[in-house]
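So you can see what is in the structure, the chains are spelled out below.
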Amino acid sequence: MTAIQPPDLTCNEVNLDDCHFYHTIDLPGLGEMPGEWDLRSAVDDYLGNIIVTNKRVLDMGTANGFLTFHMESKGASVVSYDLSPNDDWEIVSHTGKNGATLSSERRKRIRKINNAYRLSHSLLNSRARLVRGTVFAIPNLVGPVDITTFGNMLQHINNPLLALQQAARITRETIVVTERRDTTRQQIISRLFGWLGASTVRKICHRVMGPLVISQPPVSIDYPEGTGYQLTPELLKESLRVLGFGEVHISYHHQHVNQQNQRVPMYTLVANRTVPMPSV
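Before going into details, it helps to say that this report is about the structure given with it.

Structural notes on the overall build of the protein
Then, in step 1: Counting secondary structure elements, the protein contains seven helices and 13 strands.
Then, in step 2: Each of the 280 residues in the protein was classed as buried or not, and the buried ones make up 52%.
Then, in step 3: Partitioning the intrachain contacts of the protein with sequence separation of at least 6 by distance along the chain shows that 70% fall at a separation of at least 24.
Then, in step 4: Approximately 13,100 Å² of the protein is accessible, and the part contributed by carbon and sulfur atoms is 52%.

Things to note about the nonpolar core
Across soluble globular proteins, you tend to see nonpolar side chains buried next to one another.
Then, in step 1: Counting 34 residues, the largest nonpolar core has F21, L67 and M71 as its most contacted members.
Then, in step 2: When residues of this core are traced back to their parent elements, those giving at least two are β2 (25–27), α1 (43–46), α2 (66–73), α3 (99–123) and β13 (262–272).
Then, in step 3: Per-element tally for this core: the top contributor is α3, with five residues.
Then, in step 4: When sequence neighbours within four positions are dropped, the list of residues in contact with L67 reads L39, V43, Y46, L47 and D59.
Then, in step 5: Judged by nonpolar contacts, the second largest core, of 30 residues, contains F136, L164, V177 and V248.

Some points on the packing of aromatic side chains
Each aromatic ring pair is specified by the distance between its two centres and by the angle formed by the two planes.
Then, in step 1: Counted by the stated rule, this structure contains one aromatic pair.
Then, in step 2: A cation sits over an aromatic face here: R132 above Y117, 5.9 Å from the ring centre.

Some thoughts on the pairing of strand β5 (residues 56–60)
Then, in step 1: Within β5, five of the five residues are buried, leaving the element largely enclosed by the surrounding structure.
Then, in step 2: Burial along β5 is two-sided: R56, L58 and M60 facing one way and V57 and D59 facing the other are all buried.
Then, in step 3: Pairing between β5 and strand β6 (residues 77–82): five bridges, direction parallel. When the bridges of β6 are listed, L58 appears paired with V79.

Conventions adopted
- Residues numbered from 1 in each chain as written.
- Predicted model: local features only at pLDDT ≥ 70, side-chain atom pairs only at ≥ 80, totals over all residues.
- Heavy atoms only, no water.
- Helix = DSSP H or I, 4+ residues; strand = E, 2+ residues; numbered from the N terminus.
- Buried < 20%, exposed > 50% of the residue type's maximum accessible area, 1.4 Å probe, protein only.
- Contact = heavy atoms within 4.5 Å.
- Areas by Shrake-Rupley, 256 points an atom, 1.4 Å probe, with all protein chains shown as cover.
- Core = buried A, V, L, I, M, F, W, Y, C linked by side-chain atoms within 4.5 Å.
- Phe/Tyr/Trp six-rings, centres within 6.5 Å; stacked < 30°, edge-to-face > 60°.
- Lys NZ or Arg CZ within 6 Å of the ring centre and 35° of its normal.
- Pairing = 2+ DSSP bridges.

Coordinates in, geometry out; function isn't part of it.
This is the structure we're talking about:
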């Protein structure tokens, strides 16, 4: 069931032991709440250095809301979008894993992340709207937005291109996608581009691997069942172009993973609309 959720829990009603912070966040009266990822030192790089002032932004996969509240502090009007415990994640299936057990674990995790969002929303006096639902069927009640952000979430779902299609349907100006970067592969392709030329490399990749280039990630960071795909910038750029976002800028940066105390290479695509948005 999809619904707009008010900030219905205050800090006095939430047990911190029943919260899960995916992103590290600083909260009034509580201080630093450690998360799996700490984006605080490079959050603008993570978002492609977009300007969100006076923009209506859809924060896809908001988790505990760190990106929502950061963009709100920059003058954006934000709609936070994420699953509720009643929604299944629809992640990439892993052979040999117990789907029922993993689904139960995911629902418990989602509930704790939901609690962390509500706690943060209350303590930060946020005005962001919260909508619960799946990325495969964004409800019309969200309405048109100027910008949609996908923060390192497409790799975790079984149909990332459908999620992009749903976002494109309601996004007037810009889609921002941030994902982990396969540095070894990137170096190889960069060298090929230098030696053979861009058009030749594209033809080779299309013939050998097809237009959709997806590879398994070298490490699993976030979830006990592992992540799904590692999405390449080439795939996402071509997909966004087909969806009407033909002006794409790619930037590279590193973000900190608390679990492993390491900096992870990432890339961000900022895709601007070049084809008029269809009526919603």
